[in-house]
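Single-letter residue listing:
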Amino acid sequence: MAAQDRQSAQVEGSATGEPDKAGLARRAAALQLQRDAIRAGCEAVFVQLRTAPSSEAEALRGELARLQLALGVTVRRLANLP
């Protein structure tokens, strides 16, 4: 996964093989937006979970777990950018 992120940030045909700084900046910005959106989703589900009846709580806990996993993946991708 980290290799894919590094590869996607490189310009094809780069003479030096160095990552394209503009491409890296765009990738980082996109990952930061994704991270922020997932974090907001986690917060929204958590607020719902606090007041949800037990019949809805299980589904909300599942959604929160899914979002937390996605957040972890996104943060790792961001951390692995060169």
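Given the structure is predicted, the values throughout are model-derived calculations rather than measurements. (Residues numbered from 1 in each chain as written. Predicted model: local features only at pLDDT ≥ 70, side-chain atom pairs only at ≥ 80, totals over all residues. Heavy atoms only, no water.)

Q: Would you explain the confidence of the model for the protein chain in this entry?
A: Fine structural detail should not be taken from predicted coordinates in areas where pLDDT scores are low. When pLDDT is averaged along the protein chain, the result is 86, and 77% of the positions lie at 70 or above. By mean pLDDT, helix 1 (residues 2–8) is the weakest element of the protein chain at 54, and helix 3 (residues 54–79) is the strongest at 97. Contacts from residues 9–13, a stretch scored under 50 in pLDDT, to residues over four places away or in other chains number 8 contacts. (pLDDT = per-residue confidence, 0-100. Helix = DSSP H or I, 4+ residues; strand = E, 2+ residues; numbered from the N terminus. Contact = heavy atoms within 4.5 Å.)

Q: For this particular structure, what's the right way to read the pattern of salt bridges?
A: For side chains of opposite charge, pairing can occur when their charged atoms come near one another. A full pass over the atoms with the stated rule returns 4 salt bridges. With a closest N to O distance of 3.2 Å, D36 and R35 form a salt bridge. Between R66 and E63 there is a salt bridge; the shortest N-O distance is 2.7 Å. Here the residue R66 and the residue E63 both occupy positions in helix 3, the gap between them amounting to 3 residues, near one helical turn. Assessed through its relative accessible area of 46%, R66 is described here as partly exposed. (Salt bridge = Lys/Arg side-chain N within 4 Å of Asp/Glu carboxyl O. Buried < 20%, exposed > 50% of the residue type's maximum accessible area, 1.4 Å probe, protein only.)

Q: Honestly, the side chain of T74 in this entry has me stumped. Any pointers?
A: With respect to the helices and strands, the residue T74 is situated in helix 3. The buried category is assigned to T74, whose relative accessible area is 3%. For T74, the side chain forms a polar contact with the main-chain oxygen of A70, separated by 2.9 Å. Residues contacting T74, with those up to four places away along its chain left out, are L31, Q34, R35 and I38. (Polar contact = N/O pair within 3.5 Å; in protein donor to acceptor, adjacent residues only side chain to side chain.)

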